[in-house]
Amino acid sequence: MAVTITRENLAEETDNKITVIDFWAPWCGPCKIMDPVLEEMENQFGDQIHFGKLNVDNNEDIAKQYKVMGLPSIVLFKNGKAVEKVTGIYPKEKMAHYLNRKLAEM
């Protein structure tokens, strides 16, 4: 299960080789569509990638810091540093391809 990210644990939870944080909101319909995709990605890549979820309603300052303007947005961290952001709905095949590419870059 993805870790709930807050301003208090953000630095600690992104201090991994690769961390994927799902920026979402409870009212966001597309976020609900991405939930099962990200759960499947965590099942598939959980031993290589750390997964987290950040509710933008409770953490607007963090969303602004990472320039999250649309939801859902996935921010990819490498060794604690945000390096990439993707926004929108990704089918599981496309998301798996994306994550495999990121792992190959390591």
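The rules behind these values
- Residues numbered from 1 in each chain as written.
- Predicted model: local features only at pLDDT ≥ 70, side-chain atom pairs only at ≥ 80, totals over all residues.
- Heavy atoms only, no water.
- UniProt positions renumbered as here; feature names shortened; annotations may be inferred.
- Helix = DSSP H or I, 4+ residues; strand = E, 2+ residues; numbered from the N terminus.
- Rg over C-alpha atoms; globule rule 2.2 N^0.38 Å.
- Buried < 20%, exposed > 50% of the residue type's maximum accessible area, 1.4 Å probe, protein only.
- Contact = heavy atoms within 4.5 Å.
- 1 Å grid on protein atoms, 1.4 Å probe; cavity = no way out; pocket = protein on both sides within 12 Å on 5 of 7 lines; lining within 4 Å.
- Points joined across faces, edges and corners; volume = space filled by probe spheres on them.
- Nonpolar A, V, L, I, M, F, W, Y, C, P; charged D, E, K, R; others polar.

An unreviewed UniProt entry annotates the chain as Thioredoxin originating from Apilactobacillus apinorum. Annotation of the chain in UniProt includes, under Sequence similarities (unreviewed entry), the sentence "Belongs to the thioredoxin family."

### Here's the deal with the overall build of the chain
Within the chain one finds four helices and five strands. Written out in order from the N terminus, the α and β elements of the chain read β-α-β-α-β-α-β-β-α. In terms of overall size, the chain behaves like a compact globule, its C-alpha atoms giving a radius of gyration of 12 Å where 106 residues would be expected to give roughly 13 Å. In the chain, which comprises 106 residues, the proportion classed as buried is 45%. Taking the intrachain contacts of the chain between residues at least 6 apart in sequence as the baseline, contacts between residues at least 24 apart amount to 73%.

### Examining the layout of surface pockets
There is about 200 Å³ of room inside the largest pocket. Together, 13 residues line the largest pocket, and Ala2, Leu38, Glu39, Glu42 and Lys53 are the ones closest to its centre. Elements represented by at least two residues in the lining of the largest pocket include exactly strand E2 (18-24), helix H2 (29-45) and strand E3 (50-55). With five residues, H2 is the largest single contributor of residues to the lining of the largest pocket. Looking at the lining of the largest pocket residue by residue, the classes come out as six nonpolar, two polar and five charged.

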